Amino acid sequence: MTKKIFLVACEASGDLHGAHLISEIQKLAPNAVFSGVGGAKMQAAGMQVFHDMTKISALGLGDVLRNYFKYLKIFNDTLAHIARGKPDAVILIDSPAFNLRLAKKISSFAPVLYYISPQLWAWGKRRIHIVKKHIREMLVILPFEKDFYEKEGVAVKFVGHPLLDAIPDLPSPAVLRAKLGIAENQKAIGLFSGSREKEVKRILPVMLRAAALLRNDFPEAVFFISKSPNVRPEVYDELLHGSPVKVECPSSSFYELVKAMDFAYVASGTATLETALLGTPFFLLYKASWSTYLLGKHLIKVPYLGLVNLLAETRVIPEFIQQDAHPETLAHEAKVFLQSPELQQKMKEEFRQVREKLGEKGASTRAAREVCDFLERRVQIIP
């Protein structure tokens, strides 16, 4: 019997994980039909995409307000598609601002599953009542999320982290460095400023100035950036045109580039966990508009911004947030770190411990199995 599954992914990371989920569901339910909101990766996996929100750059409250009517149109169109299509299941992926609001509107006529939980545990349980009332089951990717939802009486399954599947097996750092033309005596430093235009514009200039200062202490250092496909090339061209330090922009994949680095500055987000899983030491940076920063500082109830630190339950990586993300500070702290093999080895060992907490590979497979089991249970309940 054909099953109709509607998925909603608003960010590039959600598009990636949604694509993997679709591929795994297809193995278990070859007749399943997929439609929804997503990006190029979900479309390539076989989903009919009505809207691609991954191309809308929004970082903070100001950007959301500026794009309000665009979001409203997509939201209303999504509601109409779900009501008209009557899917057997709706799978929401991350992006709570959009998806929790959507869940409230559709749960009365479409069963809703949530894959990759909104970080309610970081916001003092705000909006947990929405999950309790409108979500049939949470498919979570962090071990402590399972305990969080169980205590709240929400049906939940821990499926593991999909990044363990997304990161491919790679050659050794030495092989990757040779491919990039990095000499043995050179320190390779990555400047990874995010996947959205607003954050790249805000964070990359700070990284470039820090790199220029760091070059004074490490004249042999070479610097690399990875260009996000979600950011217009001319944005990078403009920022690098006035750069105080020369940087390389190779065509290597993000994962290859990260693994080849001795050290990196990384914008807060999914890339920080990816960098840790690849074993590359790094510092976390975050800069937003002051309105967004002050609002977040007031609302966030966890001691760290970085997921690596939250998983480790200690300060594994230094976090330079807002005014602390200053080029002089970043360069000085990186100098101390790069001159200490002991500090670098300690961070790598802590990365290995974080990796163990995330469980085994196969998150997308386990999530797909839960979706198919849910659909099977519905068939048994609905005559």
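Preceding block: the structure.
Since we're looking at a predicted model, the values are computed, not measured.

**So, the side chain of S340**
Within the secondary structure, S340 sits in the loop between α16 (327-338) and α17 (341-357). Reaching out from S340, the side chain makes a polar contact with the backbone nitrogen of L343 at a distance of 3.1 Å.

**Notes on the nonpolar core**
The biggest cluster of nonpolar side chains holds 100 residues, and the ones touching the most others in it are L7, I25, Y115, L191 and Y265. At ten residues, helix α10 (residues 197-217) tops the list of elements feeding residues into this core. With residues near it in sequence (within four places) discarded, I25 still touches I5, A32, F34, I91, A368, V371 and C372. By size, the runner-up hydrophobic cluster in this structure holds 32 residues, among which are V90, F98, A103 and I128.

**Let's talk about the sheet that holds strand β11 (residues 282-286)**
Spatial strand order, β9-β8-β10-β11-β12: five strands in an open sheet with parallel pairing. Looking along the sheet, the strands with just one partner apiece sit at the ends: β9 (222-225) and β12 (319-321). Strand-to-strand, the axes of this sheet are offset by a mean angle of 20 degrees, without reference to chain direction. Sheet analysis places β11 next to β12, joined by three bridges and oriented parallel. Directly across from L284, in β12, lies its bridge partner E319. Packed on one face of the sheet, α16 meets β8 (188-192), β10 (263-267), β11 and β12 and runs near 145 degrees to β10.

**What about α10?**
The first and last C-alpha atoms of α10 sit 31 Å apart over 21 residues, in line with the 30 Å expected at 1.5 Å per residue. In α10, a bend of some 30 degrees at I203 exceeds every other bend along the element, and P205, a proline, comes one to four places later. By the burial criterion, the buried members of α10 are E197, E199, V200, I203, L204, V206, M207, L208, A210, A211, A212 and L214. Looking at the buried positions of α10, the neighbouring elements they touch are β8, β9, α11 (233-241), β10, β11 and α16.

**Re the packing of aromatic side chains**
Under the counting rule described, the total for this entry stands at twelve aromatic pairs. The interplanar angle of 75 degrees and the centroid separation of 5.3 Å between the aromatic rings of F192 and F254 together place this pair among those described as edge-to-face. Taken together, the residues F192 in strand β8 and F254 in helix α12 (residues 254-260) connect sequence positions 62 residues apart. Judged by relative accessible area, F254 falls into the partly exposed class, the value being 21%. The structure contains a cluster of three or more aromatic residues connected by ring pairs, namely F263, Y265, F283, F320 and F337. Directly above the ring of F75 sits R101, whose terminal nitrogen or CZ lies 4.0 Å from the centroid.

**Here we look at the sheet that holds strand β1 (residues 4-9)**
Read across the open sheet, the seven strands follow the order β3-β2-β1-β4-β5-β6-β7; overall the sheet is parallel. Of all strands in the sheet, those bounded by a partner on one side alone are β3 (47-51) and β7 (156-158). Sheet twist, expressed as the mean angle between neighbouring strand axes with direction ignored, is 20 degrees. As paired elements, β1 and strand β2 (residues 33-37) share five bridges and run parallel to each other. Looking across to β2, one finds that V8 is bridged to V37. Where helix α1 (residues 12-28) meets the sheet, its contacts fall on β1, β2, β3, β4 (89-93) and β5 (112-115), and the angle it forms with β1 comes to roughly 165 degrees. Strands in contact with helix α4 (residues 68-85) are β1, β2, β3 and β4; relative to β1, the strand with the most contacts, it is inclined by about 170 degrees.

**Some details on the pairing of β10**
Of all five residues that make up β10, five are buried, and the element is covered over most of its length. On β10, burial covers both faces: F263, Y265 and A267 on one face and A264 and V266 on the other are all buried. Of the strand pairs in this sheet, β8 and β10 are connected by four bridges, and their pairing is parallel. When the sheet's bridge partners are listed, G190 is paired in β10 with A264.

The rules we used
Residues numbered from 1 in each chain as written. Predicted model: local features only at pLDDT ≥ 70, side-chain atom pairs only at ≥ 80, totals over all residues. Heavy atoms only, no water. Helix = DSSP H or I, 4+ residues; strand = E, 2+ residues; numbered from the N terminus. Polar contact = N/O pair within 3.5 Å; in protein donor to acceptor, adjacent residues only side chain to side chain. Core = buried A, V, L, I, M, F, W, Y, C linked by side-chain atoms within 4.5 Å. Buried < 20%, exposed > 50% of the residue type's maximum accessible area, 1.4 Å probe, protein only. Contact = heavy atoms within 4.5 Å. Pairing = 2+ DSSP bridges. Axes fitted to C-alpha atoms, helices over the stretch in contact; angles between N-to-C directions. Expected span 1.5 Å × (residues − 1). Bend = angle between axes of the 7 residues up to and from the residue. Phe/Tyr/Trp six-rings, centres within 6.5 Å; stacked < 30°, edge-to-face > 60°. Lys NZ or Arg CZ within 6 Å of the ring centre and 35° of its normal.

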